[in-house]
Amino acid sequence: MRKTLIFVLLLGTLFSLPACAVRGGVVVEDRSMRGAILERIQDQQQRINQGVRSGELTRREADVLQDNLDWIRRRFNQMKADGLLTPREIERLDEMLDRNSAMIYNKKHNPARRLY
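Residues numbered from 1 in each chain as written. Predicted model: local features only at pLDDT ≥ 70, side-chain atom pairs only at ≥ 80, totals over all residues. Heavy atoms only, no water.

**Here's the deal with the overall build of the chain**
Next, step 1: Each helix and strand counted, the chain has four helices and two strands in total.
Next, step 2: Put simply, the chain runs from its N terminus to its C terminus through helices and strands in the order α-β-β-α-α-α.
Next, step 3: Long-range pairs, those at least 24 residues apart, make up 70% of the contacts in the chain between residues at least 6 apart in sequence.
Next, step 4: Just so you have it, the chain exposes about 8,000 Å², and 59% of that area is on carbon and sulfur atoms. (Helix = DSSP H or I, 4+ residues; strand = E, 2+ residues; numbered from the N terminus. Contact = heavy atoms within 4.5 Å. Areas by Shrake-Rupley, 256 points an atom, 1.4 Å probe, with all protein chains shown as cover.)

**Quick word on the environment of leucine 57**
Next, step 1: Within the element layout of this structure, leucine 57 appears in the loop between α2 (31–54) and α3 (59–79).
Next, step 2: Spatially, the C-alpha atoms of leucine 57 and asparagine 110 are 8.8 Å apart, while their sequence positions differ by 53 residues.

**Concerning the environment of glutamine 50**
Next, step 1: Within the element layout of this structure, glutamine 50 appears in helix α2.
Next, step 2: Separated by 58 residues in sequence, glutamine 50 and lysine 108 place their C-alpha atoms 9.8 Å apart.
Next, step 3: Among the polar contacts made by the side chain of glutamine 50, one reaches the side chain of lysine 108 at a distance of 2.6 Å. (Polar contact = N/O pair within 3.5 Å; in protein donor to acceptor, adjacent residues only side chain to side chain.)

**Quick look at the side chain of arginine 47**
Next, step 1: For arginine 47, the location among the structural elements is in helix α2.
Next, step 2: Comment: no salt bridge for buried arginine 47; closest opposite-charge side chain is aspartate 43, at 4.4 Å.
Next, step 3: Within the structure, arginine 47 has its side chain in polar contact with the side chain of serine 101 (distance 2.8 Å).
Next, step 4: Ignoring anything within four residues of it in the chain, the contact list for arginine 47 reads Ser101, Ile104, Tyr105 and Lys108. (Buried < 20%, exposed > 50% of the residue type's maximum accessible area, 1.4 Å probe, protein only. Lys, Arg positive; Asp, Glu negative; His and termini not counted. Salt bridge = Lys/Arg side-chain N within 4 Å of Asp/Glu carboxyl O.)

**Describing the nonpolar core**
Next, step 1: Core analysis: the largest hydrophobic core is formed by 17 residues, its most contacted members being Ile37, Ile41, Ile48, Ile72, Leu85, Leu93 and Leu97.
Next, step 2: At the level of secondary structure, the elements contributing two or more residues to this core comprise α2, α3 and α4 (87–108).
Next, step 3: For this core, the element with the highest residue contribution is α3, accounting for six residues.
Next, step 4: Isoleucine 72 has contacts with Ile41, Leu93, Met96, Leu97 and Asn100, leaving out every residue within four places of it along the chain. (Core = buried A, V, L, I, M, F, W, Y, C linked by side-chain atoms within 4.5 Å.)

This is the structure we're talking about:
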């Protein structure tokens, strides 16, 4: 009875842990962070598209922002190619997305406007 209880508790603990792996002695988070990063990329894409539609972004501004976002997407795909994102890779992607988000905000709120 006691062995069964310990086994059940151990099994429950195992399935309640987040999806992670160990690589080189470092715990690596993968699925939940991937989703959060992809969501941020999609959000920034929508903000760029909305800025173009509303005229808040000039074509040149939109091109620069789109190039940055495409570069971040490529880096994300390279980093996750081995199936795992290290904490440092996640931090780096967050930093890139933070900078791009600030750039989107600044370009959408500067005085330059698209001529209709």
